[in-house]
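What follows is each chain in one-letter form.
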Amino acid sequence: MARGSWRRHGSLDETLTAQRGYDLVRVLRIPEGRSNPARTVYRRVLIALAALLAGAFFVYIDRGGYQDVRGEPLTFLDCLYYSAVTLSTTGYGDITPISEYARLINVLVITPLRIAFLILLVGTTIEAFTETSRQVLKIQRWRKRVRNHTIVTGYGTKGKTAVAAMRGDGIAAGDIVVVDPDQAALDRAAGEGLVTVRGDATKSDFLRLAGAQHAASIVVATGRDDTAVLVTLTAREIAPTAKIVASIQEAENQHLLRQSGADSVVVSSETAGRLLGIATTTPSVVEMIEDLLTPEAGFAIAEREVEQGEVGGAPRHLRDIVLGVVRDGQLLRVGTPEVDAVEASDRLLYVRSVGK
């Protein structure tokens, strides 16, 4: 889609973030309570049919109190026809109530059914407008309060797995925003309760709409290395302090991601290759690695602050199994001389039992 198609009145100077809520409904989507549209329509059709049948039943009971222009007694089909044209307010006048009892039934039964039928008939249209207005209000509120969230660019296999890992580590679905041009991928993300932005993450407009300028971290999980570089460059320009984690397929492109501003780079092809090689001789090691990388069960690798009573102690002698120490943004492995004693400002990478 051409870039200008997102602008209002052809103004190329107006960015997405400057547009009003109604203009963003098709781009930015805030998760709602889960509902099944097909089930809702099915239920409404059943209610409408029940109203028609109820009206026809009451008319059929007192069919002698109605007059047909043909001068013939009413059949049940005639009563169903009268119920349909009356409830829909069409009213051809070919069948009319003539007895007092029939007119009383029309006042007490048919009229309330007609009102209910009309409410049901226009309910879907009203609900569509109400849904749009509600979504606009939610977008406006979300844009005002969104802070320190995580943006995931690309909701393919890598992006979906990354989100699952974050959710398993306790990050709420409402604190994750997915940016992807594929509507099918966004529908899957919305089904998980995630905020979604439909657009190209290489363009700053869409990242700003996702709140990148206020994000705590940005996960680049695109399918191509060149796209990952462009997304990282754009994200770093918008969010100078955010932690950017990028995934690439080829190790030779790792330095490009670093130069573009990525804090961490995961080479998916090499990582998978290492696991495959290890699995040929020690498959149990791979199983343990998978366990450590999966927060939902068994063990997990986590990060925490140093407790007051641990300052000055050796990492190997702490109550947790410490794998490394993060000091001044640098990872130092246990056993190196620099981390003979932990400091108050350090952060510890340790093995955490799920449930602790």
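Since the model is a prediction, treat every value here as computed from it, not as a measurement.

### Here we look at a nonpolar patch on the surface
- A grouping of Tyr42, Val45, Leu46 and Leu49 is seen on the molecular surface, where their side chains present a nonpolar patch of about 390 Å² in accessible area.
- Among the secondary structure elements, Leu49 is positioned in helix α2 (residues 37-61).
- Since its relative accessible area comes to 45%, Leu49 is described here as partly exposed.

### Things to note about helix α6 (residues 183-191)
- For α6, every residue scored as buried is listed here: Ala185, Leu186, Ala189 and Ala190. Within α6, the buried residues cover an arc of 140 degrees as seen down the axis, which keeps them to one side.
- Of the surrounding elements, those touching the buried residues of α6 are β1 (28-29), β5 (176-180) and β6 (195-198).
- Of the residues flanking the start of α6, the one acting as N-cap is Asp182, its side-chain oxygen 3.2 Å from the backbone nitrogen of Ala184.
- Positive phi appears at Gly193, one or two residues downstream of α6, with a value of about 85 degrees.

### Remarks on the pairing of strand β11 (residues 321-327)
- The sheet contact formed by β11 and strand β13 (residues 347-353) spans five bridges and is antiparallel. When the sheet's bridge partners are listed, Ile321 is paired in β13 with Val351.
- Pairing of β11 with strand β12 (residues 330-333), which is carried by four bridges, proceeds in the antiparallel orientation. The residue of β12 that forms the bridge with Val325 is Leu332.
- What sits between β11 and β12 in their antiparallel hairpin is a turn of two residues, with Asp328 showing a positive phi close to 55 degrees.

### Some points on the side chain of Thr196
- With respect to the helices, strands and loops of the structure, Thr196 is situated in strand β6.
- Given the relative accessible area of 2%, Thr196 is considered buried.
- Once residues within four sequence positions are removed from consideration, Thr196 is found in contact with Val27, Leu28, Arg29, Val178, Leu186, Ala189 and Ala190.

### What to know about the UniProt feature "transmembrane region" (unreviewed entry) in the protein chain
- The positions that UniProt labels "transmembrane region" (unreviewed entry) are, in the present scheme, residues 41-61, 73-92 and 104-126.
- Secondary structure over residues 73-92 splits into 60% helix and 0% strand, and the C-alpha atoms at its two ends are 18 Å apart.

### Some thoughts on the environment of Ala56
- Mapped onto the secondary structure, Ala56 falls in helix α2.
- Of the residues examined, Ala56 reaches a relative accessible area of 0% and is grouped as buried.
- As for Ala56 and Ser83, which are separated by 27 residues in sequence, their C-alpha atoms are 5.3 Å apart.
- Apart from the residues lying within four places of it in its own chain, the contact partners of Ala56 are Phe76, Cys79, Leu80 and Ser83.

### Considering the side chain of Ser247
- Mapping Ser247 onto the fold places it in strand β8 (residues 243-248).
- Within the local environment of Ser247, its side chain forms a polar contact with the side chain of Lys158, the two groups lying 3.4 Å apart.
- The residues contacting Ser247, other than those within four sequence positions of it, are Lys158, Val220, Ala228, Val266 and Ser268.

### Overview of the pattern of salt bridges
- Applying the stated criterion to the full structure yields 14 salt bridges.
- One salt bridge in this structure joins Arg347 and Glu303, with 2.6 Å as the shortest N-O distance. Note that Arg347 is positioned in strand β13 and Glu303 in strand β10 (residues 299-305), a separation of 44 residues in sequence.
- When its relative accessible area of 38% is taken as the criterion, Glu303 is described as partly exposed.
- Residue Glu343 is joined to Arg327 by a salt bridge in which the shortest nitrogen-to-oxygen separation is 3.7 Å. With Glu343 in the loop between β12 and β13 and Arg327 in strand β11, this residue pair connects regions lying 16 residues apart in the sequence.
- On the basis of relative accessibility, which here comes to 38%, the residue Glu343 falls in the partly exposed class.
- One continuous salt-bridge network, built from bridges that share partners, spans Arg304, Glu307, Glu310, Arg319 and Asp320.

### Some thoughts on the nonpolar core
- Counting residues in hydrophobic clusters, the biggest one holds 35 residues, and the most contacted among them are Leu28, Ile151, Val197, Ile218 and Leu257.
- Looking at this core, the elements that each hand over two or more residues are α4 (100-145), β5, β6, α7 (204-209), β7 (217-220), α8 (225-238), β8 and β9 (264-267).
- Looking at this core, the element that brings in the most residues is α8, giving five residues.
- Filtering out sequence-adjacent residues up to four positions away, Leu257 remains in contact with Ala228, Val229, Thr232, Ala246, Ile248, Ala262 and Val265.
- Core analysis: the next-biggest nonpolar cluster, separate from the first, contains 18 residues, Leu52, Tyr66, Leu74 and Cys79 among them.

### Description of the confidence of the model for the protein chain
- Overall, the predicted model of the protein chain reaches an average pLDDT of 82, with 85% of residues at or above 70.
- pLDDT under 50 marks residues 1-14. Its contacts with residues more than four places away, or in other chains, come to 19 contacts.

### Things to note about the sheet that holds β10
- Ordered in space as β10-β13-β11-β12, the four strands form an open sheet in which the pairing is antiparallel. Of all strands in the sheet, those bounded by a partner on one side alone are β10 and β12. Across the sheet, the axes of successive neighbouring strands diverge by a mean angle of 30 degrees, strand direction being ignored.
- Of the strand pairs in this sheet, β10 and β13 are connected by seven bridges, and their pairing is antiparallel. For Ala300, the partnering residue across the bridge sits in β13 and is Arg352.

Cut-offs and rules
Residues numbered from 1 in each chain as written. Predicted model: local features only at pLDDT ≥ 70, side-chain atom pairs only at ≥ 80, totals over all residues. Heavy atoms only, no water. Patch = residues over 30% accessible without salt bridge, like charges linked within 9 Å, V, L, I, M, F, W, Y side chains within 5 Å. Areas by Shrake-Rupley, 256 points an atom, 1.4 Å probe, with all protein chains shown as cover. Salt bridge = Lys/Arg side-chain N within 4 Å of Asp/Glu carboxyl O. Helix = DSSP H or I, 4+ residues; strand = E, 2+ residues; numbered from the N terminus. Buried < 20%, exposed > 50% of the residue type's maximum accessible area, 1.4 Å probe, protein only. Arc of directions from axis to C-beta. Contact = heavy atoms within 4.5 Å. Polar contact = N/O pair within 3.5 Å; in protein donor to acceptor, adjacent residues only side chain to side chain. Pairing = 2+ DSSP bridges. UniProt positions renumbered as here; feature names shortened; annotations may be inferred. Core = buried A, V, L, I, M, F, W, Y, C linked by side-chain atoms within 4.5 Å. pLDDT = per-residue confidence, 0-100. Axes fitted to C-alpha atoms, helices over the stretch in contact; angles between N-to-C directions.

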